[in-house]
Amino acid sequence: MITRLILPVGQGAFYVEKFQNGKNIVYDCGSIGNEKKIEELIEKCFERNKVIEAIFISHLDKDHMSGVEALLTKCEVKRICFPLITKEMKQTLKIKIMIEEAIGNSYSKFIREFIEDPEAAIKKIKEDMEIELIEILPNDEENIVEKNNKKIDNEEIKNKKIKRIKKKSGEDIAKEIEGLEHSCNKNKWELIPYNFKQEIRIIEFEKKLEKEFGKKISLKEVEEIWIKNEDNSRKKIKKAYKSLKGGINNNSMTLFSGVREVGAQTQYDSSYVKVGCLYTGDYEAKEEDKWETLEQAYKEYWEWIGMIQVPHHGSSKNCNNNLISKNAVYFLSAGEKNSHKHPSPEVVENIMFKYNNSLYVVTENKGLKIVLDNNMEIYYTFYLSKKL
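Residues numbered from 1 in each chain as written. Predicted model: local features only at pLDDT ≥ 70, side-chain atom pairs only at ≥ 80, totals over all residues. Heavy atoms only, no water.

(A) Quick look at the packing of helix α8 (residues 200-213) against helix α10 (residues 231-242). Packing of α8 against α10 brings their axes to within 9 Å, and their N-to-C directions diverge by 140°. Considering their axes alone, α8 and α10 lie oblique with respect to each other. The two elements α8 and α10 meet at a crossing, and its hand is right-handed. Here Phe205, Lys208, Leu209, Glu212 and Phe213 of α8 lie close against α10, whose contacting residues are Ser233, Lys236, Ile237, Lys239, Ala240 and Tyr241. Looking at the contact of α8 with α10 residue by residue, the classes come out as six nonpolar, one polar and four charged. (Axes fitted to C-alpha atoms, helices over the stretch in contact; angles between N-to-C directions. Helix = DSSP H or I, 4+ residues; strand = E, 2+ residues; numbered from the N terminus. Parallel < 35°, antiparallel > 145°, perpendicular 65-115°, else oblique. Left-handed = near helix turned anticlockwise from the far one by under 90°. Contact = heavy atoms within 4.5 Å. Nonpolar A, V, L, I, M, F, W, Y, C, P; charged D, E, K, R; others polar.)

(B) Just the pattern of salt bridges, in detail. Scanning the entire structure with this criterion turns up 24 salt bridges. Of the charged contacts in the structure, one is a salt bridge between arginine 79 and glutamate 53, with a shortest N-O distance of 3.5 Å. Of this pair, arginine 79 sits in strand β7 (residues 79-83) while glutamate 53 sits in the loop between β4 (51-52) and β5 (54-56), and the two are 26 residues apart along the sequence. In this structure, glutamate 300 engages arginine 260 in a salt bridge whose closest nitrogen and oxygen atoms are separated by 2.9 Å. One end of the pair, glutamate 300, is in the loop between α11 (288-297) and β13 (305-309); the other, arginine 260, is in the loop between β11 (251-258) and β12 (276-279), with 40 residues separating them in the sequence. Taking relative accessible area as the criterion, glutamate 300 reaches 47% and is therefore assigned partly exposed. Classification of arginine 260 as partly exposed rests on a relative accessible area of 28%. Residues joined by salt bridges that share partners form a network here, namely Lys23, Glu53, Lys78, Arg79, Glu132, Lys167, Glu171 and Glu176. (Salt bridge = Lys/Arg side-chain N within 4 Å of Asp/Glu carboxyl O. Buried < 20%, exposed > 50% of the residue type's maximum accessible area, 1.4 Å probe, protein only.)

(C) Representation of the sheet that holds strand β10 (residues 190-197) within the structure. Read across the sheet, six strands follow the order β10-β11-β12-β13-β14-β15 without closing on themselves; strand pairing throughout is mixed. Here the strands that pair on one side only, and so sit at the sheet edges, are β10 and β15 (359-362). Between one strand and the next, the sheet's axes are offset by a mean angle of 15°, whatever the strand orientation. By the bridge criterion, three bridges tie β12 to β13 in an arrangement that is parallel. Note that in β13 the partner of cysteine 277 across the bridge is methionine 307. Where α11 meets the sheet, it contacts β10 and β11, and its direction lies at approximately 155° from that of β10. (Pairing = 2+ DSSP bridges.)

(D) Region of the structure containing the packing of aromatic side chains. All chains considered together, the criterion is met by 16 aromatic pairs. With a centroid separation of 6.5 Å and an interplanar angle of 5°, the aromatic rings of tyrosine 15 and tyrosine 27 are classed as stacked. Of the two residues, tyrosine 15 is situated in strand β2 (residues 12-19) and tyrosine 27 in strand β3 (residues 24-31); the sequence distance between them amounts to 12 residues. Measuring from ring centre to ring centre gives 4.9 Å for phenylalanine 19 and tryptophan 189, while their planes differ by 90°; the resulting arrangement is edge-to-face. Taken together, the positions of phenylalanine 19 in strand β2 and tryptophan 189 in the loop between β9 (162-167) and β10 put the pair 170 residues apart, joining distant regions of the chain. Take phenylalanine 19: its relative accessible area is 6%, and that puts it in the buried class. Tryptophan 189 sits in the buried class, given a relative accessible area of 0%. These aromatic residues form a ring-pair network of at least three members: Tyr194, Phe196, Phe256, Tyr283, Tyr298 and Tyr301. The positively charged end of lysine 326 is found above the aromatic ring belonging to tryptophan 302, 4.7 Å away from the centroid. Over the ring of tyrosine 380 we find lysine 366; its NZ or CZ atom is 4.7 Å from the centre of that ring. (Phe/Tyr/Trp six-rings, centres within 6.5 Å; stacked < 30°, edge-to-face > 60°. Lys NZ or Arg CZ within 6 Å of the ring centre and 35° of its normal.)

(E) Just α11, in detail. Those residues of α11 lying buried are Trp291, Leu294 and Ala297. For α11, the angular spread of the buried residues around the axis is 125°, confining them to a single face. Of the surrounding elements, those touching the buried residues of α11 are β10, β11 and α12 (321-324). (Arc of directions from axis to C-beta.)

(F) Here's a closer look at helix α4 (residues 87-102). Compared with the 22 Å implied by 1.5 Å per residue over 16 residues, the 23 Å span of α4 between its first and last C-alpha is a close match. Within α4, burial applies to Met89, Gln91, Thr92, Leu93, Ile95, Lys96, Ile97, Ile99 and Glu100. For α4, the elements touching its buried residues are β7, α5 (109-116), α8, α9 (219-228), α10 and β11. One or two steps after α4, the chain reaches glycine 104, where phi turns positive at roughly 105°. (Expected span 1.5 Å × (residues − 1).)

Structure representation (structure tokens):
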């Protein structure tokens, strides 16, 4: 039996998978404006020093990782998987945080330090913590794994407790986790992350900056202009940023969590329960080429996916009809009164009425508990008054 929890964090994401043998997996743990709620949920989900086999962070935004520090403090986390932090990503995120904080959305010290140096950020929580930091390479940069891991090996000599590892998109992280299996049929569980580059919003931001300043402005120049602290220039940058339909992210990491049961007659047996889930983070699937990239990445897995997270809190900018028309149960997380007006009414209507699929919208006031055994049982959880 597997229990999947879609926890009520409002505008954010916090998803937990609990296996019958005590293994735990987490995908994202963050929220905007509900940090205390996340801490309460962690208290109810996990006993102190409970082992979490892996935390997968889709991308390094506050609403997807603001609770990670609390998880690391309370639990024994064996590994964190996250998109490769490149020099370009650091630059983009630094700019994003500067602007976000200027408009009232503060970022924790831990998030800023993790972006700069994940190992140093972990050490500040607990000096002797034993953990693997697994950076997932973008899906089009697989050939640099061996070269980078040789460089990482030298770092491990200095600190053997915190291991820095780079893995290809599509590698099965579950191979490293003993005993992770579907209890009903003993099939081996798989955890398949893909790190996708997403430059649409950055390009859009640069175009808006060009409109405001009357010339092309690079991200490096944006940082320099911001540091000079000239009111008029900062106003132009903030105006360009606020007009974006969503933030600026370099990457988003998706995850398949489930089993492939070769030989199972899923297409003909209506009683068969597909336990696999596709977690999508803020993946931008709107454009046909982006959808095709996602479809190709998981071509061996779609048949086994029974649940799908609607990307980016149900934004119409991230959804493609091919994604939301699968024969699956859909879910999303969004704040009841969020400023982005997520989820999009069009997306909700299409999932439920155009394609006749089930959709569960999780807010700060209600979560989901999905029990996967020989059946799929779904419950709303309004009040978390006991251990889950």
